[in-house]
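Next come the chains, spelled out residue by residue.
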Amino acid sequence: MANAHAAESASHAHEHVHEHVHEHVHYTTTGLDHKKIAIWAFIGSECMLFISLISTYLIYKGRSVVGPFPHEAWTSPSGQLFAPILNIPVTSASTFVLLMSSLFMVLALEAVEHKGNPAYANNIRGNSKFWLMATAIAGATFLGFQAYEFTSFVHEGLTIRTNLFGSSFFTLTGFHGAHVTVGVLWILTLFAMDYSRGLTKKDTVLVDICALYWHFVDVVWIAIFTLVYLIK
Amino acid sequence: MTDHEHADHAHEHPTWKQYKWVALILTLITVVEVWVYYTPFKDSPLFVPTLLIMSAVKFAIVVLFYMHLRYDHKLFKALFTGPLIIAICTLTALMFLFGKFSL
């Protein structure tokens, strides 16, 4: 009987220690959380990936032999007229949506960081579920705009195989869209965790690394919007 | 500074109000970028530098405030700016190599 009681106590103590370890942020010898170091290193490598794609786009810019072209009209040898293909108003709207999604994401992080703070309780500022879902919806809306853009380009005669502009444009924006898709799935995962067990202050790092990824996707779009869409 | 003081320092963030101001500034810059695109200024030689500066300002604002790099540890700053500088140097070199820029 005494042995059983001791074994039960030991088991509880083990569970407590196990829980305790998981509750704490995993610091490295630098005193920084290793997840944050990893995400910043990853973002650094992603900078190189996107700069290589942007470089390729810029090098091929203006070297397409046949149209459609991004900013100029083109008449095919058969006499068919192609208007400039980029739709600036639609892309401006999608850019605004992505910028707003970054605001929603930072407010989601703020809400999780202040869990238990009376000033954030029972109001929208502390509602992490709301901000996470708003971010995911904004991200999905951006993807909807991109799907519309890609579809209309194909209907207008521009595919990834049409010319150098098509190849470099679809590769660059397609890679960015894939990153946004991963971001939306990541945010929805956090939303599911928040819905099922509730995110607490201890989960701040989980939301923080997702937010860093999401903001990075936003800054990449800031560069793409200017270099691809606005500069002729 | 101890490890945990480092970690505490890393948790300094802008306020809710500042986040909203940042969003407003980003939106205004985007509106100006698009507006400039539809004006005769787009034929000016200053058009491209102006757009690049506005884009760089937006980039910096998001990185400094939304990604908290302004408040974060210098190792995070190094992990981001180091590869970014290498990437921008590579981009510039490729532009010269393929005749997009010339001296």
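Note that the coordinates shown come from a computational prediction; the quantities given were computed from them, not determined experimentally.

**Topic: the environment of N87 of chain A**
Part 1 of the reasoning: Secondary-structure assignment places N87 of chain A in the loop between strand 2 (81-82) and helix 3 (88-113).
Part 2 of the reasoning: Along the backbone, N87 of chain A and P70 of chain A are 17 residues apart, and their C-alpha atoms lie at a distance of 9.0 Å.

**Concerning the confidence of the model for chain A**
Part 1 of the reasoning: Per-residue confidence for chain A gives a mean pLDDT of 87, with 88% of residues at or over 70.
Part 2 of the reasoning: Segment residues 1-23 of chain A is flagged for pLDDT under 50; beyond a separation of four residues in sequence, or across chains, it makes one contact in the model.

**Observations concerning the nonpolar core**
Part 1 of the reasoning: Counting 64 residues, the largest nonpolar core has A108, I187, V207 and A211 of chain A as the members making the most contacts within it.
Part 2 of the reasoning: Counting residues per element, this core draws most heavily on helix 6 (residues 204-230) of chain A, which supplies 17 residues.
Part 3 of the reasoning: Both of domain 1 (3-71) and domain 2 (73-103) of chain B provide at least three residues apiece to this core.
Part 4 of the reasoning: Residues contacting I187 of chain A, with those up to four places away along its chain left out, are L132, T135, A136, G139, C210 and W214 of chain A.

**Some words on the interface of chain A and chain B**
Part 1 of the reasoning: Between chain A and chain B, the contact holds 39 residues from the first and 39 residues from the second.
Part 2 of the reasoning: Of all the secondary-structure elements, those providing two or more residues to the side of chain A that touches chain B are helix 2 (34-60), helix 3 and helix 6 of chain A.
Part 3 of the reasoning: Broken down by element, the residue count for the side of chain A that touches chain B peaks at 14 residues, all from helix 2 of chain A.
Part 4 of the reasoning: Residues of the side of chain A that touches chain B, tallied by class, amount to 25 nonpolar, 10 polar and four charged.

**Topic: the domain arrangement of chain B**
In many analyses, interface size is given as the accessible surface area lost on bringing the parts together.
Part 1 of the reasoning: Each domain of chain B was delimited in the assignment, giving domain 1 (3-71) and domain 2 (73-103).
Part 2 of the reasoning: Measuring from the centre of the C-alpha atoms in domain 1 of chain B to the corresponding centre in domain 2 of chain B gives 19 Å.

About the thresholds
Residues numbered from 1 in each chain as written. Chains lettered and ligands numbered in written order. Predicted model: local features only at pLDDT ≥ 70, side-chain atom pairs only at ≥ 80, totals over all residues. Helix = DSSP H or I, 4+ residues; strand = E, 2+ residues; numbered from the N terminus. pLDDT = per-residue confidence, 0-100. Contact = placed C-beta atoms within 7 Å. Core = buried A, V, L, I, M, F, W, Y, C linked by C-beta atoms within 7 Å. Buried ≥ 20, exposed ≤ 12 C-beta atoms within 10 Å, placed from the backbone. Domains from an automatic or database assignment. Nonpolar A, V, L, I, M, F, W, Y, C, P; charged D, E, K, R; others polar.

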